[in-house]
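Remarks on the overall topology
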Amino acid sequence: ILLQVAATMLLARWLSPGDFGIAAAAAVVIEVARATGQMSLGKVLLRQFDTEPALVATARSLAIIGGALCALLLLATGAQIEYHLAIPGVASFIYFSAISLMFQAVTLVPATALTKQRRFKALAMQEVVSSFIATGASVAASASGWGADALLLALVLQPALFALLVCRAAKEPLTFSLHREHCWNLLHEGSGAAIARLISALAQQIPTALSAGTLGG
């Protein structure tokens, strides 16, 4: 938290309110896409992680497929979203967020494995390290005159580093499967939680979208 506060104070010295407005507007779309793409598979997998290797492999496959579909959707609609929001620059954030969604999909199984093993310290350490490096790079970039592109750097760098560190810490075998029964169980159990998360994300992001329109416009 202290790191985020300090980084925000530093970024505020070099970035304009419009830059933060663009990022806030894009965050609305990103959060909705994330809630949709992950389908709450992590919660379902956490309850059943030790049952069958095929279940874990299926969850990994579904997460990557869901992330890829949401990423493609963002890439296809980024320009239209920017047009309708009337905030120039939002499309770039949406395009880069599409990349970050793929990294987040990769972390689903290893992060769940660390949680199941109660290795909370290891999981938190990967989060802190990746956030520290990404935030530092973003601050350095903003000081060099990158503008809003400095925020784009952190948007991709943090999840990429986190995925690398978590996969290394968990050491889970990289297996893939689309077992029909497991697919049905994961999607069926996760759909309710995914819908609830989507509604929650929309409710939380509506005020952000309204304020972002003021800042970015």
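For the structure, see preceding data.
Summary of the structure given here. Note that the coordinates shown come from a computational prediction; the quantities given were computed from them, not determined experimentally. (Residues numbered from 1 in each chain as written. Predicted model: local features only at pLDDT ≥ 70, side-chain atom pairs only at ≥ 80, totals over all residues. Heavy atoms only, no water.)

1. Structural notes on the overall build of the protein
Of regular secondary structure, the protein possesses nine helices and zero strands. The N-to-C order of helical and strand elements in the protein reads α-α-α-α-α-α-α-α-α. For the protein, the residues scored as buried account for 41% of the 217 residues in total. Taking all contacts inside the protein whose residues are at least 6 apart in sequence as the whole, residues at least 24 apart take part in 83%. (Helix = DSSP H or I, 4+ residues; strand = E, 2+ residues; numbered from the N terminus. Buried < 20%, exposed > 50% of the residue type's maximum accessible area, 1.4 Å probe, protein only. Contact = heavy atoms within 4.5 Å.)

2. Examining the packing of aromatic side chains
Under the criterion given, the structure shown has zero aromatic pairs. Between R60 and the ring centre of F176, over which it is positioned, the NZ or CZ distance is 5.9 Å. (Phe/Tyr/Trp six-rings, centres within 6.5 Å; stacked < 30°, edge-to-face > 60°. Lys NZ or Arg CZ within 6 Å of the ring centre and 35° of its normal.)

3. A few points about a nonpolar patch on the surface
Judged by side-chain polarity, I65, L69, L72, L75 and L178 come together as a nonpolar surface patch covering roughly 490 Å² of accessible area. Assignment of secondary structure puts L178 in the loop between α8 (149–170) and α9 (180–216). (Patch = residues over 30% accessible without salt bridge, like charges linked within 9 Å, V, L, I, M, F, W, Y side chains within 5 Å. Areas by Shrake-Rupley, 256 points an atom, 1.4 Å probe, with all protein chains shown as cover. Salt bridge = Lys/Arg side-chain N within 4 Å of Asp/Glu carboxyl O.)

4. What to know about the packing of helix α6 (residues 108–116) against α8
The interhelical angle for the contact between α6 and α8, taken along N-to-C directions, is 50°, at an axis separation of 9 Å. Regarding the angle of α6 to α8, the classification is oblique. In this structure, α6 crosses over α8, and the sense of that crossing is left-handed. Taking contact as the criterion, the partners of P110, A111, A113 and L114 in α6 are, on α8, V166, C167, A169 and A170. Of the residues contributing to the contact of α6 with α8, the split by class is eight nonpolar, no polar and no charged. (Axes fitted to C-alpha atoms, helices over the stretch in contact; angles between N-to-C directions. Parallel < 35°, antiparallel > 145°, perpendicular 65-115°, else oblique. Left-handed = near helix turned anticlockwise from the far one by under 90°. Nonpolar A, V, L, I, M, F, W, Y, C, P; charged D, E, K, R; others polar.)

5. Here we look at the side chain of H182
By the element assignment, H182 lies in helix α9. The residues contacting H182, other than those within four sequence positions of it, are E52, A54, L55 and T58.

6. A few points about the nonpolar core
Grouped together as the largest cluster of nonpolar side chains are 22 residues, with contacts concentrated most on A26, L74, V90, F93 and I94. The set of elements that each furnish at least two residues to this core consists of α1 (2–14), α2 (17–38), α4 (53–85), α5 (90–106) and α8. Considering every element that reaches this core, the biggest residue donor is α2, with six residues. Once residues within four sequence positions are removed from consideration, F93 is found in contact with I22, A23, A26, I30, A148, L151, L152 and L155. Membership of the second largest hydrophobic core comes to 12 residues, among which are L45, L55, A59 and C183. (Core = buried A, V, L, I, M, F, W, Y, C linked by side-chain atoms within 4.5 Å.)

7. Looking at α8
With 22 residues, α8 should cover 32 Å at 1.5 Å per step; its first-to-last C-alpha distance of 32 Å lies within 8% of that length. Just downstream of α8 lies K171, where phi reads positive at about 55°. (Expected span 1.5 Å × (residues − 1).)

8. With respect to the environment of D149
The residue D149 is located in helix α8 in this model. Between the C-alpha atoms of D149 and D19, which are 130 residues apart in sequence, the distance is 8.9 Å.

9. Some remarks on unusual backbone geometry
Even without being glycine, A86 reaches a positive phi, approximately 60°. Relative to the assigned elements, A86 resides in the loop between α4 and α5. Looking at A86, the relative accessible area reads 56%, which means it is exposed. Although it is not a glycine, K171 adopts a positive phi angle of roughly 55°.

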